[in-house]
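# Summary of structural features
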Amino acid sequence: MKALLNILLATMLFASLSIKAQQDTSPNVILITLDGVRWQDVFTGIDTNLLNSSYTHDKQLLTEKFVGTSIEENRTLLMPFLWNTIAKQGQLHGNRNKNSKVNLTNKMMFSYPGYNEILTGRADDENIDSNDKIYNKNVTLLELANTTEAYKGKVAGFGSWDVFPFIINDKRSGVPVNAGYMDAMGDLNEREKLLNEIQRQAPVIWENVRLDVFTHQYAKEYMKKNHPKLVYISYGETDDFAHDGHFDFYTKSLHNTDALIADLWKYVQNDSFYKDNTYFIITTDHGRGEGAKEDSKWTSHGIDVAGAEHTWLAILGPDVTASGEASNEQLYTNQIAPTVLKTLNMKIDSNKMPANSIDFKRP
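Residues numbered from 1 in each chain as written. Predicted model: local features only at pLDDT ≥ 70, side-chain atom pairs only at ≥ 80, totals over all residues. Heavy atoms only, no water.

The subject of this paragraph is the environment of Glu143. Tracing the sequence through the fold places Glu143 in helix 8 (residues 141-146). Separated by 180 residues in sequence, Glu143 and Ser323 place their C-alpha atoms 31 Å apart. For Glu143, the residues in contact, after removing those within four places along its chain, are Ile168, Arg172, Ser173 and Val175. (Helix = DSSP H or I, 4+ residues; strand = E, 2+ residues; numbered from the N terminus. Contact = heavy atoms within 4.5 Å.)

Structure (structure tokens):
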């Protein structure tokens, strides 16, 4: 009888470990957004019109760091990880010079509506027409994943902008969100304690948007400790520097964000939980104006700014077709949420997410 019991317990343990192994080998997705970054900056590099405008204070420094002899060199100087790694191993969509178009479907063309569209798979202009801190009635892909057996308790969100707890609706969804100047909570390691201590010792430029380096480090530490399978990270500095008319800081921040994403990819590729089983899907919540003159509104975006509806998309991961820059296509931001869910092997309710997912995997 005792021998039979031992065999039964061993069988149950093996079954439990097998189930856990199956769960652990299900895909991981890191969804990343760069607030208000234009497709022009991504695909053509530093904007020489803005470089020579009143928005630039140190033209010589920017020229030395980011101006080469061609568009291809300029964009690689500005975003080396995107062009040296993603462009070679993954996909880039949204270069309108190659007739590759990615457009918003919401008509607001600013942040809350943009993030809602990215995360829920549909625009909601009727209810989301401001950046006010109102809890989102719509259900995001993070919340959907957190209701499944495979991803329950394995979802997290991080943002530099303090509105993200409302966009993700952390109270209803149960998804842990660290955004704005929120501290890390719970059983903290020494690095998280240090981040809590120093994030307000660094310059506080905007009370509602912290510096991206802190958002990045909070997310990375959480990933190291908890190994969530679906993570959303929103870097925010670029949009705010542009609103303030600081092209120098906008440019440096974009370059720095590219480095932060490179750092995260390096970590992922050296962690046995994430290695060779993790997808990066990178985009922006809206575009912005094109020129250097006041009436061209580079500093702004919205319904009255031409080009604010133009976005872009980058995809990197183990089964992604390494096709580089796309051409002659029309994609929409509302396709991102069903694409993430499909990557996670989750069912998609076409009534709630009517857009088609993007087929980026090898046949």
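The next point concerns the sheet that holds strand 8 (residues 310-311). The strand order 8-3-11 describes an open sheet built from 3 strands, whose pairing is mixed. The open sheet has two free edges, formed respectively by strand 8 and strand 11 (329-332), since each of these has just one partner strand. Bridging between strand 3 (residues 100-103) and strand 11 involves 4 bridges; their strand directions are parallel. Bridge pairing in strand 11 links Ser100 to Glu329. (Pairing = 2+ DSSP bridges.)

Most of helix 15 (residues 336-343) sits out of view: 7 of its 8 residues are buried. For helix 15, the full list of buried residues reads Ile336, Ala337, Pro338, Thr339, Val340, Leu341 and Thr343. Positive phi shows up at Asn345, right after helix 15, with a value of about 60°. (Buried < 20%, exposed > 50% of the residue type's maximum accessible area, 1.4 Å probe, protein only.)

In short, geometric facts, not functional conclusions.
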